[in-house]
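Structural overview
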Amino acid sequence: MKLLVSTRKGLVIYKQKNNQWQYDSLHFQGIPICLSYYHPQNATLWAFQDHGHWGVKMSKSKDFGKTWLEVEAPKFPEGAEVKDGQPASLTYVWAAQHVGNALWLGTVPGGLFKTEDDGQSWELNQSLWNDPNRKTHWFGGGMRDPGIHSIVVDPRDEQHMFIGISCAGVYETHDGGSTWQAKNKGLRADFLPDPNAELGHDPHLLVTCPSSPDHLWQQNHCGIFKSDNGASSWDEVTENGGPAKFGFAVAVDEKNPLRAWVVPGVSDEIRVAVNGALCVCRTDDGGKTWQALRKGLPQESAFDIVYRHALGYSGNQLVFGSTTGNLFHSTDAGESWDVVSNYLPMVNAVDIVNA
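Residues numbered from 1 in each chain as written. Predicted model: local features only at pLDDT ≥ 70, side-chain atom pairs only at ≥ 80, totals over all residues. Heavy atoms only, no water.

A short note on the overall build of the protein chain
When you go through the protein chain residue by residue, the secondary structure sums to 2 helices and 30 strands. Over its C-alpha trace the protein chain gives a radius of gyration of 19 Å, about what one expects of a compact globule, namely 20 Å for 355 residues. For the C-alpha atoms alone, the extent of the protein chain along its principal axes is close to 55 × 50 × 40 Å. Residue burial in the protein chain is summarised as follows: out of 355 residues, 58% are buried. Contacts in the protein chain between residues far apart in sequence, at least 24 positions, make up 48% of those at least 6 positions apart. When the accessible surface of the protein chain is summed, it comes to about 14800 Å², and 45% of that surface belongs to carbon and sulfur atoms. Treating the 29 positive side-chain charges of the protein chain as one cloud and the 40 negative ones as another, the clouds have centres 4 Å apart. (Helix = DSSP H or I, 4+ residues; strand = E, 2+ residues; numbered from the N terminus. Rg over C-alpha atoms; globule rule 2.2 N^0.38 Å. Buried < 20%, exposed > 50% of the residue type's maximum accessible area, 1.4 Å probe, protein only. Contact = heavy atoms within 4.5 Å. Areas by Shrake-Rupley, 256 points an atom, 1.4 Å probe, with all protein chains shown as cover. Lys, Arg positive; Asp, Glu negative; His and termini not counted. Charge placed at Lys NZ, Arg CZ, Asp CG, Glu CD.)

Quick look at the structure:
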């Protein structure tokens, strides 16, 4: 088992021994890695780079990082526009997910690309890009332009997928991307003139329970929301008076759709740990109640915030990395935490993979 840690200064890989993570290797030293992804169907490790000078670059490895091959990044078709008069140009790779041998990427601006030949060519999903509401009702949140940060595939049907868009909300397809429909009923967007508008919502991350895929969770700009009916509607499960509210990352148990974890921050305006004390909040009853888990985490002068892809889960193992370069590991579903490292660059994403 390996742990991929995408940081502002390179991709750090750890290997597991006796339930502990040990440093294995460093790749792309000094280069911002916005996301890394292991494609198990063809044993390919991908590293998506966010060069300040050169822009988006992508590399893949067939031997888990011993050697790398640079791959040409996707391009928007000539004439494509984010808004009228604003040409579309790839600025960030924000999500990756495989469907069989194919690999899908979510990007900024809000493009959904697919390769079926291991990155030799990329195809923009035209149906989503040509959505009549995209130019008028999608907009940037943390990024200048709207972006796709979540791709969720139904394990029962690879043609059935959800995506999360900041800012637009959740979209669903039943036909492999030929058609799309917004699925935001019950969400709230306090920053809009109409908080209950169909579009304009800002999910920070969208996940599902693999064994019960009609149960979806999202950490939203305005709270925590879940659906138990395949996103037909959403219910808010934000903790009343507690820390489990604003944040970016959310993870859901692989077998129990009522168990989920978030790592909270103060608010959208104050993005640090709540009361200077870092905690992970877990619910075991679908968000009716939350428990703040703190054992082994710093409880004073903590400025950590955890980005949307920086919380990883597998079995009872949880790993998260923070903006201050701290990396923590739990083997008991979050009840207690051990330090993997306190000296990393800012962590953009983590992923636990069987490789």
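Picking up where we left off.
With respect to the pairing of strand β14 (residues 147–153)
The side chains of a regular strand alternate between both faces of the sheet. Within β14, 7 of the 7 residues are buried, which leaves the element mostly enclosed by the surrounding structure. As defined by bridge partners, β14 adjoins strand β15 (residues 161–166) across 6 bridges and the pair is classed as antiparallel. Within β15, the position partnered with S150 by the bridge is G164. (Pairing = 2+ DSSP bridges.)

Section: the packing of aromatic side chains
Within the structure shown, the criterion is met by 16 aromatic pairs. Geometrically, the ring pair formed by W217 and W290 is edge-to-face, given 6.4 Å between the ring centres and 85 degrees between the ring planes. Of the two residues, W217 is situated in strand β19 (residues 212–220) and W290 in the loop between β24 (280–283) and β25 (291–293); the sequence distance between them amounts to 73 residues. A relative accessible area of 11% places W290 in the buried class. Aromatic side chains F320 and W337 sit 5.1 Å apart centroid to centroid with 75 degrees between the ring planes, which places their arrangement in the edge-to-face category. Remark: W337 occurs in the loop between β28 (327–330) and β29 (338–341) and F320 occurs in strand β27 (residues 317–321); sequence separation between them is 17 residues. The class of F320 is buried, set by a relative accessible area of 0%. Owing to a relative accessible area of 4%, W337 belongs among the buried residues under this scheme. (Phe/Tyr/Trp six-rings, centres within 6.5 Å; stacked < 30°, edge-to-face > 60°.)

A look at the nonpolar core
Judged by nonpolar contacts, the single largest core of 30 residues is most densely connected at L3, V5 and F320. Looking at this core, the elements with two or more residues in it are β1 (2–7), β2 (10–17), β22 (247–252), β23 (260–264), β26 (311–314), β27, β28 and β30 (347–353). When residues no more than four places from it in sequence are discounted, the contact partners of F320 are L278, V280, L297, V306, A310, L311, N326, L327, F328 and W337. Counting 26 residues, the second-largest nonpolar core is a separate cluster that includes W46, W122, L124 and A349. (Core = buried A, V, L, I, M, F, W, Y, C linked by side-chain atoms within 4.5 Å.)

Concerning the environment of V93
Along the chain, V93 turns up in strand β10 (residues 92–99). Residue classification places V93 among the buried positions, given a relative accessible area of 1%. Here the alpha-carbon distance between V93 and L112, two residues 19 residues apart in the chain, equals 9.9 Å. For V93, the contacting residues outside a window of four places in its chain are C34, L35, F48, V56, L105 and G106.

Quick notes on the sheet that holds strand β21 (residues 235–236)
Strand order in the open sheet made by the 4 strands is β18-β19-β20-β21, with antiparallel pairing throughout. Of all strands in the sheet, those bounded by a partner on one side alone are β18 (203–209) and β21.

Notes on unusual backbone geometry
Here the residue pair V108 and P109 is connected by a cis peptide bond, since its omega of -5 degrees sits within 30 degrees of zero. Here P109 shows up in the loop between β11 (102–108) and β12 (112–115). A cis amide bond, omega 0 degrees, links S166 with the succeeding residue C167. Mapped onto the elements of the fold, C167 is located in the loop between β15 and β16 (169–173).

Quick look at the sheet that holds β27
Within a sheet, adjacent strands bond to each other through the backbone by hydrogen bonds, running parallel or antiparallel. On the basis of which strands lie adjacent, the open sheet formed by 4 strands has the order β26-β27-β28-β29 and antiparallel pairing. Pairing within the sheet leaves two strands with one partner each, and these edge strands are β26 and β29. Neighbouring strand axes in the sheet, compared pairwise and without regard to direction, differ in orientation by 20 degrees on average. Alignment of β27 against β28, held across 4 bridges, turns out to be antiparallel. Bridge pairing in β28 places F320 opposite F328. (Axes fitted to C-alpha atoms, helices over the stretch in contact; angles between N-to-C directions.)

Description of the pattern of salt bridges
Should the charged atoms of two oppositely charged side chains come close, the side chains can pair. Counting across every chain of the model gives 16 salt bridges. Residues K62 and D118 are paired through a salt bridge, measuring 2.8 Å at the closest nitrogen-oxygen approach. Residue K62 is found in the loop between β6 (55–61) and β7 (69–71), and its partner D118 is found in the loop between β12 and β13 (123–124); the two are separated by 56 residues along the sequence. A salt bridge links R156 to D214, with the nearest nitrogen and oxygen atoms 2.9 Å apart. Here R156 is found in the loop between β14 and β15, whereas its partner D214 is found in strand β19, with 58 residues between them in sequence. One connected set of salt bridges, linked through shared partners, spans R259, R282, D284 and E335. (Salt bridge = Lys/Arg side-chain N within 4 Å of Asp/Glu carboxyl O.)

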